[in-house]
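This is what each chain is made of:
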Amino acid sequence: MISGANKFANIWFPHQQIFLVSSTVVFGLFASDAIGVVISSFSIKDDATQDDIFNVILCESITIITIQMLMALFFRGTPKYIQK
C-alpha cells in the first residue's frame, strides 16, 4: 500500500515534487483509515438498529465514490512525468 504512493508520485509528478506528493499520499492513507474508524465508532451507538448501520455505511460509500470520481476526473489522460 505504501509503495503505491511512490509509484503514483513517480509517474504523475515532476522530480522536484515527488517527496512532497509521496509524503502527502502516505499521510492521507493513514489519516483516512483513522478518520474512518473514529467516525464509524461515533456514528454507531450501542442501541443502533440495522437501518442506522446501513445509513453509516451508505454515507461512507457515497464519500468514497465521490473521491474516486474526482480522482478519475483530475487524473485522466496520460501521465506527463514518467521517471525512468
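Residues numbered from 1 in each chain as written. Predicted model: local features only at pLDDT ≥ 70, side-chain atom pairs only at ≥ 80, totals over all residues. Heavy atoms only, no water.

### A few points about the overall build of the protein chain
Right, on to step 1. Looking only at helices and strands, one finds three helices and zero strands in the protein chain.
Right, on to step 2. Its helices and strands in sequence order give the protein chain the pattern α-α-α, from N to C terminus.
Right, on to step 3. A globule of 84 residues ought to have a C-alpha radius of gyration of about 12 Å, yet the protein chain, at 17 Å, is considerably larger.
Right, on to step 4. Once the C-alpha set of the protein chain is aligned to its principal axes, its extents read approximately 55 × 25 × 15 Å.
Right, on to step 5. A buried classification covers 10% of the 84 residues belonging to the protein chain.
Right, on to step 6. Look at the contacts in the protein chain between residues 6 or more apart in sequence, and 63% of them connect residues 24 or more apart.
Right, on to step 7. With the model as given, the accessible surface of the protein chain reaches about 7000 Å², and the carbon-plus-sulfur share is 69%. (Helix = DSSP H or I, 4+ residues; strand = E, 2+ residues; numbered from the N terminus. Rg over C-alpha atoms; globule rule 2.2 N^0.38 Å. Buried < 20%, exposed > 50% of the residue type's maximum accessible area, 1.4 Å probe, protein only. Contact = heavy atoms within 4.5 Å. Areas by Shrake-Rupley, 256 points an atom, 1.4 Å probe, with all protein chains shown as cover.)

### Focus: the packing of aromatic side chains
Right, on to step 1. Tallied over the entire structure, the rule returns one aromatic pair.
Right, on to step 2. Ring plane angle 65° and centroid distance 5.7 Å describe the contact between Phe 8 and Phe 13, whose orientation is recorded as edge-to-face. (Phe/Tyr/Trp six-rings, centres within 6.5 Å; stacked < 30°, edge-to-face > 60°.)

### Quick notes on the side chain of Ser 22
Right, on to step 1. Inspection of the secondary structure assignment puts Ser 22 in helix H2 (residues 18-43).
Right, on to step 2. Under the relative-accessibility criterion, Ser 22 is labelled buried at 10%.
Right, on to step 3. At 3.2 Å, the side chain of Ser 22 and the side chain of Asn 6 are in polar contact. (Polar contact = N/O pair within 3.5 Å; in protein donor to acceptor, adjacent residues only side chain to side chain.)

### Looking at a negative patch on the surface
Right, on to step 1. Taken together, Asp 46, Asp 47, Asp 51 and Asp 52 make up a surface patch of like negative charges.
Right, on to step 2. With respect to the helices, strands and loops of the structure, Asp 46 is situated in the loop between H2 and helix H3 (50-74). (Patch = residues over 30% accessible without salt bridge, like charges linked within 9 Å, V, L, I, M, F, W, Y side chains within 5 Å. Salt bridge = Lys/Arg side-chain N within 4 Å of Asp/Glu carboxyl O. Lys, Arg positive; Asp, Glu negative; His and termini not counted. Charge placed at Lys NZ, Arg CZ, Asp CG, Glu CD.)

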